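Descriptive analysis of the structure
Below, each chain spelled out in residue letters.
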Amino acid sequence: MQFIRPVLHSQVCTSARPSARQFLQKLGKSCSFSLNSSSTRLYSTEFFPINDELYGLTDEQKQLRQTIFQFCQKELAPKAQQIDAENDFKDIKKFWRQCGELGLLGVTAPTEYGGLGASYLDHAIVMEEMSRACAAVALSYGAHSNLCVNQIVRHGTDEQKSRYLPKLISGEWIGALAMSEPNAGSDVVSMTMRADKQSDGSYVLNGSKFWITNGPDADVIVVYAKTKPEAGAHGITTFLVERDSPGFSCSRKLDKLGMRGSNTGELVFDGVRVPADRVMGRLDGGVYVLMSGLDIERLLLSAGPLGIMQAACDTAFQYAHIRKAFGQSIGQFQLLQGKMADMYCRLTSGRCYVYSVTRALAQGSRQPMDCAGVILKCAEDATQSALDAIQILGGNGYINEYPAGRLLRDAKLYEIGAGTSEVRRLVIGRAINNIYKS
Amino acid sequence: YIHIINKADMAASKGLKILVGCKRVIDYAVKVRVKPDRSGVVTEGVKHSMNPFDEIAVEEAVRMKEKKLAGEAVAISVGPPQSQETLRTALAMGIDRAIHVEIPLAQLEKLQPIHVSKLLAKVCESEKPDLVILGKQAIDDDCNQTGQMLAALLDWPQATFASKIEPSQDSKQLRVTREVDGGMETIDVSVPAVVTSDLRLNEPRYATLPNIMKAKKKPLAKMSPDQLGVDLQPRQEVISVEDPPVRKAGAKVESVEDLVGKLREKGLVK
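By convention here, each chain's residues receive numbers from 1 onward along its written sequence. The naming scheme follows written order: chains are lettered A onward, ligands numbered 1 onward. Residues qualify for local features only when their pLDDT is at least 70, as the model is predicted, and side-chain atom pairs are given and counted only at 80 or more; totals for whole chains, interfaces and linings, by contrast, use all residues. Water and hydrogen atoms were dropped before computing side-chain values, which therefore reflect all heavy atoms in the structure.

As for the nonpolar core
It is characteristic of soluble globular proteins that their nonpolar side chains tend to be buried jointly. The criterion is simple. A nonpolar core is a set of buried Ala, Val, Leu, Ile, Met, Phe, Trp, Tyr and Cys residues joined through side-chain atoms within 4.5 Å. Residue exposure (1.4 Å probe, protein chains only): buried if accessible area is under 20% of the type maximum, exposed if over 50%, otherwise partly exposed. One finds A:F95, A:M130, A:Y141 and A:Y414 to be the most contacted residues of the largest nonpolar core, which totals 81 residues. With near-sequence residues (within four places) excluded, A:M130 lies in contact with A:C72, A:L76, A:F95, A:C99, A:V137, A:A138 and A:Y141. Ranked by size, the runner-up nonpolar core spans 44 residues in total, among them B:V25, B:A75, B:M93 and B:V176. What makes two residues a contact is simply this: any of their non-hydrogen atoms within 4.5 Å.

Spelled out as structure tokens, the structure:
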């Protein structure tokens, strides 16, 4: 198989984006001053436009998208390929601080702790634009800002919020959430990690957690463990565990197919002592914290595949109009027009669904059926759109210099994490059954 | 029109009042297309944003406020109704209030720096700023004229292509470092003055969500050219707008003699 490089290779490669400042430099007088390479705000012609009018966004939300887009395209997108290749985001602490300064790590957290006190829709917009730039880092961001921070906002005591939220929101600390275990994924309530009450009121945790996003880097972890194993689902309690607790360790970082750079780990709890005031929510009532959290997690994370679908359109549509074959740009051939149309419709309808459900949640209406539906649809559509992007790029879609392959590997995660597609279908099916229950 | 401020120590005063100009232009990343009738470029449905040099001017004004050199920063934009979005961006970056001089669409295409500078001069008469910061040029017309014309109309000193603005040694003037062809030139200007921003003056900040939300509550006043008594009669007529010629292939030469020979062939050298 022969791979033919297009003449305009540098224009479609993520590592060679023109910038506003470079553009301005060409306009002005030539100076011998060297530009600090971090002082470029990156734009590009490689973006398929988003029509925010369709989604009923407020002016502030449109401006928010612009800001996050500029920020992520400058600070994150140029590094995405390298992060994937190295399976590590070396600058995560610096990036977290930058996010903290923009208030992104506590979008839904109260302002008294440094949060923005904004809505789930605002949070989804941030997640979407970050995912468009680098899906792996966005996943870590989602785990930190929603799975960890938002759960503390919803269930923490004032003391717990004061202790943990400020540093999590400023970006000084990285947060994670641990529920799944090596033998308990879909059947998460069958978890076996124990939390045994001690005479002084504290708890000792024993067991291990698996597939934990941010596990290797987290300073604070929301952990679910069985305080009453014989009660099954109703014997789970939520704990807040700190990284430097004796007995706690991350035994390994997992080598994944995609989302490389979003460090995922196995966490080992070997007699980890947790004081009584680190119990979050009701004792033995953790399943409600877990399940309601899962709904919001699914909703927020569904903006991840949205971003991936947008990135797929960004890459593939531009390529289709630059690459020529048989005397014209390939985007003008019907079979590719069809593919682009399908990609567009998946993206746009997905966005409408996600934004609608976030708005409903903001009004106080949480529907497990739609929270599952939204991520079920977007995840499967993202995988399909990524496949289409690879196909449109043809031979170049198969080379790792182009982002299409990474989009596919990253998209696939969303069909599995936060409840597999199968579990999501169960949730929806059962909810429908419930409606007809006599 | 003469406006003299109390030349007291700038550090002790309540700070300069700054007026910042922002122009709404076609976004730099857009692939500009010439209209089929060659009367101009396509602007309808095309993404627009704040002129990058103006973003730098806005950032400088906000930084001067943060350093307590300035007490108030006002943004002004001369343009169509959509210029309000540009002003909202400025407000979200930290500007206190905004003024929109709305130009009817029919006159928009023929608006020239001479008209804009006259409008700004009129606004300066009522606002009485101590410092006007404009972007050195707009990326759509590349004129690099408005700042200089404004200074001339007001009879104020000007410091163009600024890469640094700070108080002078005696704190009674502004010390501006300018980027010129030969290198850098540092001058002291007394206020009120007009300064135009160059690329390396600063790096503009991102508008954070809390500031975007606060911006909605900041005042945005509207004015018309008639109210300001400025005549927008065009002084120039655009005959045609065309694409730049397609770049032709060059030729490589082996030696200096070859080069001179080729230049002679083309009649470029005797």
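Some details on the packing of aromatic side chains
The geometry of an aromatic ring pair is captured by the separation of the ring centres together with the interplanar angle, meaning the angle of the planes. Two aromatic rings, drawn from Phe, Tyr or Trp (for Trp, its six-membered ring), form a pair once their centres lie within 6.5 Å of each other, and the interplanar angle then sorts them: stacked below 30 degrees, edge-to-face above 60, tilted otherwise. Taken as a whole and judged by the stated rule, the model has 14 aromatic pairs over all chains. A centroid spacing of 4.8 Å and a plane angle of 75° characterise the contact between A:F48 and A:F317, whose relative ring orientation is edge-to-face. Here A:F48, found in the loop between α2 (20-27) and α3 (59-75), pairs with A:F317, found in helix α10 (residues 303-322); they are 269 residues apart in sequence, far enough to count as distant. Overall, A:F48 belongs to the partly exposed group, its relative accessible area being 22%. Cluster of aromatic residues (ring-pair linked, three or more members): A:F71, A:F89, A:F95, A:W96 and B:Y206. Secondary structure is summarised from DSSP: a helix means a run of H or I of at least four residues, a strand means a run of E of at least two, and numbering begins at the N terminus for each.

Some points on unusual backbone geometry
The amide bond that connects B:V191 to the next residue, B:P192, takes the cis arrangement and shows omega of 5°. Positionally, B:P192 belongs in the loop between β9 (183-189) and β10 (193-197). One non-glycine residue with positive phi stands out, namely A:F326, at about 55°. Among the structural elements, A:F326 can be located in the loop between β9 (324-325) and β10 (328-329). A residue is classified by how much of its surface remains accessible, and A:F326, at 80% relative accessible area, is exposed. With phi around 60°, B:D155 is a residue other than glycine that occupies positive phi space. Checked against the element boundaries, B:D155 lands in the loop between α5 (146-154) and β7 (158-167).

Observations regarding the domain arrangement of chain A
All names here are of chain A. Boundary definitions for the domains trace back to an automatic or database domain assignment. Its domain assignment divides chain A into domain 1 (47-170), domain 2 (175-287) and domain 3 (294-436). Here the C-alpha centroids of domain 2 and domain 3 sit 31 Å apart. Listed as interface residues are 6 residues of domain 2 and, on the opposing side, 7 residues of domain 3. Surface buried jointly by domain 2 and domain 3 totals about 570 Å² across both partners, of which 70% is contributed by carbon and sulfur atoms. In terms of surface lost to domain 3, no three residues of domain 2 exceed S186, L257 and M259, which account for 71% of the buried area on that side. When two components associate, each loses some accessible surface as probed by a 1.4 Å sphere; the sum of these losses over both components is called the buried area.

Side note on the environment of A:D52
Residues and elements named next belong to chain A. Mapped onto the elements of the fold, D52 is located in the loop between α2 and α3. Residue D52 is classed as buried on the basis of its relative accessible area, which comes to 10%. Taking the C-alpha atoms as reference points, D52 and K62, separated by 10 residues in sequence, lie 6.8 Å from one another. Those residues within four positions of D52 in sequence are excluded, and the remaining contacts are L57, K62 and R65.

Describing the confidence of the model for chain B
Atom-level detail of predicted coordinates should not be read off regions where pLDDT is low. Values of pLDDT, the confidence the predictor places in each residue, fall between 0 and 100. Considering every residue of chain B, the mean pLDDT works out to 91; 95% of them sit at 70 or more. Predicted complex, confidence summary: ipTM 0.74, pTM 0.84.

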